[in-house]
Amino acid sequence: MSLLILISTFLLILISLIGYGYIFVKLFCKDTKEINFGYLGIFGLILSIFISYSSNFFLPHNYFFNSIYLLSGLVGFVILFKQNSLIYIKKEFLIFITVSFFSLLSLLIFKNHDDFPYYHFVYTYNLTQFNLNIGIGQFNHGFRTPSSIFYINSLFYLPFIQYFSFNFAAVIILVFSNIILL
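To keep things clear, this report deals only with the structure shown in the data block. (Residues numbered from 1 in each chain as written. Predicted model: local features only at pLDDT ≥ 70, side-chain atom pairs only at ≥ 80, totals over all residues. Heavy atoms only, no water.)

Thoughts on the packing of aromatic side chains
Given two aromatic rings, one states the distance between the centres and the angle between the planes to describe the pair. Tallied over the entire structure, the rule returns nine aromatic pairs. Ring geometry for F37 versus F96: centroids 6.0 Å apart, planes at 75 degrees, classification edge-to-face. Placement of F37 in helix α2 (residues 37-55) and of F96 in helix α4 (residues 86-109) is noted, with a sequence separation of 59 residues between them. Looking at F37, the relative accessible area reads 0%, which means it is buried. (Phe/Tyr/Trp six-rings, centres within 6.5 Å; stacked < 30°, edge-to-face > 60°. Helix = DSSP H or I, 4+ residues; strand = E, 2+ residues; numbered from the N terminus. Buried < 20%, exposed > 50% of the residue type's maximum accessible area, 1.4 Å probe, protein only.)

Written out as structure tokens, the structure is:
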């Protein structure tokens, strides 16, 4: 897998989550005036986890579904740019790009969780192949405890990068938390 594909997919997912965060704010916090990419990213993660949990009852999170999911978030990001002050957005975007590139190194350095091959990967991959994963705890002890991290990672199963993005969620939370702290 090419490093360029890894970097571009990571940035597209981050931008898409900010777009979903903007959609979340417009739906549930209409009186909010200040835009912070860190908070928008966290709100985007919350909305994406809700989308993931509810959509997996009907559809597997395959390439088609996840591509539409990613494009919808990118549309939300474009709407964010068109509806807000360009000077303020440029400042936020500069902080976002700086933190993202420094955090990108963690994708290359960090190792996966020790249980990742045992059930993290298998559960997440199962979400991308099948819908309605109920009762699979009988097959493996690790399947008895579904986690929101599995569901959010299943949304990152995209063409070209495939399952190599299943460990993005932890770094994404790190990026948005660092933006909030800055």
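Remarks on helix α3 (residues 63-83)
For α3, with 21 residues, the first-to-last C-alpha span of 30 Å sits near the 30 Å given by 1.5 Å per residue. Among the residues of α3, F65, N66, Y69, L70, G73, G76, F77 and L80 are the ones counted as buried. Seen along its axis, α3 keeps its buried residues to an arc of 135 degrees; they face one direction. In α3, the exposed residues that point more than 90 degrees away from the buried face are F64, L71 and K82. (Expected span 1.5 Å × (residues − 1). Arc of directions from axis to C-beta.)

Topic: a nonpolar patch on the surface
Taken together, the side chains of L3, L105, L108, I109, F110 and L174 present a nonpolar region at the surface, about 610 Å² in accessible area. Among the elements that take part in the nonpolar patch, α4 stands out by supplying three residues, more than any other. With respect to the helices, strands and loops of the structure, L105 is situated in helix α4. (Patch = residues over 30% accessible without salt bridge, like charges linked within 9 Å, V, L, I, M, F, W, Y side chains within 5 Å. Areas by Shrake-Rupley, 256 points an atom, 1.4 Å probe, with all protein chains shown as cover. Salt bridge = Lys/Arg side-chain N within 4 Å of Asp/Glu carboxyl O.)

Considerations on the packing of α4 against helix α7 (residues 168-181)
Running from N to C, α4 and α7 point in directions that differ by 145 degrees, and their axes come no closer than 9 Å. In this structure, α4 meets α7 at a crossing whose hand is right-handed. In contact with I95, F96, V99, S100, S103, S106 and L107 of α4, α7 contributes F168, V171, L174, V175, F176, N178 and I179. The residue makeup of the contact of α4 with α7, split by class, is ten nonpolar, four polar and no charged. (Axes fitted to C-alpha atoms, helices over the stretch in contact; angles between N-to-C directions. Left-handed = near helix turned anticlockwise from the far one by under 90°. Contact = heavy atoms within 4.5 Å. Nonpolar A, V, L, I, M, F, W, Y, C, P; charged D, E, K, R; others polar.)

Concerning α2
Taking 1.5 Å per residue, 19 residues should reach 27 Å; α2 reaches 26 Å between its end C-alpha atoms and fits that length. Of the residues making up α2, those classed as buried are F37, G38, L40, G41, G44, L45, L47, S48, S52 and S55. Between the side-chain oxygen of the N-cap and the backbone nitrogen of G38 there are 2.7 Å, and the N-cap of α2 in question is N36. (Polar contact = N/O pair within 3.5 Å; in protein donor to acceptor, adjacent residues only side chain to side chain.)

Considerations on the nonpolar core
Formed by 39 residues in total, the largest nonpolar core has its most connected members in F10, F37, L80, F156, F168, I172 and F176. Every element with two or more residues in this core is listed here: α1 (3-28), α2, α3, α4 and α7. A total of twelve residues in this core trace back to one element, the largest contributor, which is α1. Residues in contact with F10, not counting those within four places in the same chain, are S100, L104, L107, F168, V171, I172 and V175. (Core = buried A, V, L, I, M, F, W, Y, C linked by side-chain atoms within 4.5 Å.)

Some points on the side chain of S52
By secondary structure assignment, the location of S52 is in helix α2. In contact with S52, not counting residues within four places along its chain, are H61, Y151, I152, S154 and L155.

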